[in-house]
There are 2 protein chains.
Amino acid sequence: MTHPSPRGISRRVVVSTLAALPVLGGALPRTLAQAQTADPLPSWNDGAAKQAIVAFVRDTTDSASPKFVTPEERIAAFDQDGTLWVEHPMYTQVVYCLERVPAVVARTPKLKDVEPFKTVLSGNREAIAKLSMKQLEEILAATLTGMTVDEFNAEARAWIGTAKHPRWDRLYTELTYQPMQEVLHYLRAHDYKTYIVTGGGQDFVRTYAQAAYGIPPEQVVGTAGGTKFSYGKDGRPTLTKDPRLLLNDNNAGKPEGIHLMIGRPPRAAFGNSTGDRQMLEYTTAGEGARLAMLVMHDDASREYAYGPANGLPDAKVGTFTQALYDEAGHKGWTVISMKNDWKEIFPSSVGRAIK
Amino acid sequence: MTHPSPRGISRRVVVSTLAALPVLGGALPRTLAQAQTADPLPSWNDGAAKQAIVAFVRDTTDSASPKFVTPEERIAAFDQDGTLWVEHPMYTQVVYCLERVPAVVARTPKLKDVEPFKTVLSGNREAIAKLSMKQLEEILAATLTGMTVDEFNAEARAWIGTAKHPRWDRLYTELTYQPMQEVLHYLRAHDYKTYIVTGGGQDFVRTYAQAAYGIPPEQVVGTAGGTKFSYGKDGRPTLTKDPRLLLNDNNAGKPEGIHLMIGRPPRAAFGNSTGDRQMLEYTTAGEGARLAMLVMHDDASREYAYGPANGLPDAKVGTFTQALYDEAGHKGWTVISMKNDWKEIFPSSVGRAIK
């Protein structure tokens, strides 16, 4: 399932050898030195995907390498849904918005008999699954805007701290991919700034990104609406979330969002669907070492299998088309097979529960 | 000119004592340890302004202090024009846009006889000074958008690398305020992330912020337009600068821009005009230690003196009104007198030239 990489030799040996040199080991803080001597990616099977990551980090952080990248330029971008955590059967944020509908209706009772709110309140899963994109956007606007930033943050944090995924009965934030957590840590240990670049709501993801991924709010780029500054009754400055869309951070919106929020292309980008295509193209268009990777969901028993690249019908979320698979092949992007490349899918606490 | 601070005792003594403790000194990288034993703000006269900065850094970075702020939360925001560098007689970016007009007209010759381009080409300073805001916006749109991001970056970098301020005959990037450079360094040495939050163009400021202030592109928040992703003739992904305004980063737009780009209020904010008022209000509205400072231009001999707070007429740029001065007094914000608080205005190379 993975593309053979031109960097086929074992890079782990080279990295271990480098780390053993006293001149390097002495100058590095302890955590980084440890990261270099131990296997930085223990949940990855040895293969082209793991080797591509290790080679990229080695090449771009060794000052003697022709592919060396200065620490200021070390930016890595990660899609979230389907790349860092589970996106099936429904994007977590959409679950949140649907579950917020009763609260919205309680505040504005006349919505009770108005579509699409009426259908959501009915709890009829089949009818809910058939809502149009326009109706879904109406629900998103009603549940994500119109309140202050502080109110939204409190509501979203309360929900994400208790809501559980139906299949594993675990908090959504526990269902992050252990191998990708290792990549985040590995890159950060080598002075990469790790960013989430998600089609999901920027403010929503920011409420848990630090706890779930070690990524601070300012390193979350997502679909973003405006806010409106005003003074509350007590004269205190307040920002209210506005339905005006500033950035639709999907497809071409991802490079546009990266430019707005970061100001230059990343050196590495990770995605899993056609929504990430332009981000990977933008990342790899520049000179020097670049890393582009796509997570392929081909593991129905441990997680999910979906999408045309697996010979399966198009999924409602996270479409990995055959065309994207082919583009990855032409351009030397690496496809990560969850089934073959990952020893574990989830952190050990969750892993034990599903075995 | 400065407001008396309740923190009147010498904080330098306390800081030096702390730095002498071996438990601290051993764990810190050399540059930080040096910064703590030496005076971190040598270009500042001892007074309420300097003491407020030192007390803020001490209180928020000493883990035993009730005002301690975790490193992740350490965000400081700096207005640019008039706060970090000279803004008179004209914002540097406006000078850039006016000087780009001939190139724009060369590309589209029919603009030669069209206002406001005709007036700019005439070189008549008085007529140019009388251009309306709407006309100025037309010039900004024509000179800052319509080209690829790469083209814009190359043009802006070439200009900023050669254009000089008329009074000092120095590169604009040399006319940054030495005392504020020291504040940037001092905060960063204590794990603060320093951001520029400017009414100027985000992309423009990003072209020199790293070299001029040590601030990377992703930590520049400014007035921002959209970009449009497309494929060039060679199939290479390209972003083109678009006139669509996403963020007007002035006044209420500053807290809105901070929310968009950073996701939470800063702990410290520095400004110099009514355009920074809402940013300072937003910064100080939260709980815990907060620092809000306003640079007052009251030094006509070494730099400029302007604005109602100095009893002088309203300036065309950087208005520091009496109302803002009064608000600072009521709210405990510190006003920095360039004349009284700063030993030096510019870095030593420039300082010698103007003495």
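Report on the accompanying structure. (Residues numbered from 1 in each chain as written. Chains lettered and ligands numbered in written order. Predicted model: local features only at pLDDT ≥ 70, side-chain atom pairs only at ≥ 80, totals over all residues. Heavy atoms only, no water.)

**Points about the overall build of chain A**
Here comes step 1: The secondary structure content of chain A amounts to 17 helices and 7 strands.
Here comes step 2: Put simply, chain A has 355 residues, and 54% of those count as buried.
Here comes step 3: Counted over contacts in chain A with a minimum sequence separation of 6, partners at least 24 positions apart contribute 66%. (Helix = DSSP H or I, 4+ residues; strand = E, 2+ residues; numbered from the N terminus. Buried < 20%, exposed > 50% of the residue type's maximum accessible area, 1.4 Å probe, protein only. Contact = heavy atoms within 4.5 Å.)

**Some points on helix α15 (residues 322-331) of chain B**
Residues and elements named next belong to chain B.
Here comes step 1: The set of residues buried in α15 consists of L324, Y325, E327 and A328. For α15, the buried positions fall inside an angular range of 160° around the axis, keeping them on one side. Pointing more than 90 degrees away from the buried face of α15 are the exposed residues A323 and H330.
Here comes step 2: Lining the buried residues of α15 we find α14 (277-285), β6 (291-296) and β7 (334-337). (Arc of directions from axis to C-beta.)

**Regarding the relation of the copies chain B and chain A**
What relates the two chain copies is a rotation about an axis together with a slide along it.
Here comes step 1: Superposition of chain B onto chain A requires a rotation of 180° combined with a translation of 0.0 Å along the rotation axis, giving an RMSD of 0.0 Å. Overall, the copies show the geometry of a two-fold rotation axis.
Here comes step 2: A shared binding surface is used by both copies, with 97% of the interface residues of chain B retained as interface residues in chain A. (Least-squares fit on C-alpha atoms with pLDDT ≥ 70 in both.)

**Examining the packing of aromatic side chains**
Here comes step 1: Applying the stated criterion to the full structure yields 32 aromatic pairs over all chains.
Here comes step 2: One aromatic cluster in this structure is built from A:W85, A:Y96, A:F152, A:W159, A:Y172, A:F204 and A:Y208.
Here comes step 3: Across from the ring centre of B:Y304, 4.9 Å away, lies the NZ or CZ of B:R167, which sits over that ring.
Here comes step 4: Note that B:K241 overlies the ring of B:F152, its terminal NZ or CZ placed 4.6 Å from the centroid. (Phe/Tyr/Trp six-rings, centres within 6.5 Å; stacked < 30°, edge-to-face > 60°. Lys NZ or Arg CZ within 6 Å of the ring centre and 35° of its normal.)

**With respect to the environment of B:D62**
Here comes step 1: Residue placement: B:D62 occurs in the loop between α4 (48-61) and β1 (75-78).
Here comes step 2: As a C-alpha pair, B:D62 and B:P102 span 40 residues in sequence and 55 Å in three-dimensional space.

**Here we look at the side chain of B:Q80**
All names here are of chain B.
Here comes step 1: By the secondary structure assignment, Q80 is in the loop between β1 and α5 (92-107).
Here comes step 2: Relative accessible area serves as the criterion here: at 1%, Q80 is assigned to the buried category.
Here comes step 3: The contacts of Q80, once residues within four sequence positions are left out, are W85, I196, V197, T198, V205, Y208 and Y213.

**Looking at the sheet that holds β1(B)**
All names here are of chain B.
Here comes step 1: Read across the sheet, 7 strands follow the order β4-β3-β2-β1-β5-β6-β7 without closing on themselves; strand pairing throughout is mixed. Each having just a single partner strand, β4 (237-247) and β7 make up the two edges of the open sheet. Strand-to-strand twist of the sheet, defined as the mean angle between neighbouring strand axes without regard to direction, takes the value 35°.
Here comes step 2: Here strand β3 (residues 220-231) runs beside β4; their pairing, made up of 7 bridges, is antiparallel. Within β4, the position partnered with T227 by the bridge is K241.
Here comes step 3: Contacts from helix α10 (residues 178-189) reach β1, β2 (193-201), β5 (268-271) and β6 within the one sheet, and its direction differs from that of β1 by about 165°. (Pairing = 2+ DSSP bridges. Axes fitted to C-alpha atoms, helices over the stretch in contact; angles between N-to-C directions.)

**Description of the interface of chain B and chain A**
How large an interface is tends to be reported as the accessible area lost when its parts come together.
Here comes step 1: With 37 residues of chain B in contact, the opposing surface of chain A contributes 36 residues.
Here comes step 2: For the pairing of chain B and chain A, the buried interface totals around 3100 Å² over both sides, and the portion due to carbon and sulfur atoms is 56%.
Here comes step 3: Our count for the chain B to chain A interface comes out at 4 salt bridges.
Here comes step 4: Where chain B touches chain A, the interface holds 21 residue pairs in polar contact (both at pLDDT 80 or more).
Here comes step 5: Every element with two or more residues in the side of chain B that touches chain A is listed here: β2, α11 (202-206), β3, β4, α13 (253-261) and α14 of chain B.
Here comes step 6: Grouping the constituent residues of the side of chain B that touches chain A by class yields 18 nonpolar, 7 polar and 12 charged. (Buried area = accessible area lost by both parts, 1.4 Å probe. Salt bridge = Lys/Arg side-chain N within 4 Å of Asp/Glu carboxyl O. Polar contact = N/O pair within 3.5 Å; in protein donor to acceptor, adjacent residues only side chain to side chain. Nonpolar A, V, L, I, M, F, W, Y, C, P; charged D, E, K, R; others polar.)

Worth remembering: the numbers are spatial, not functional.
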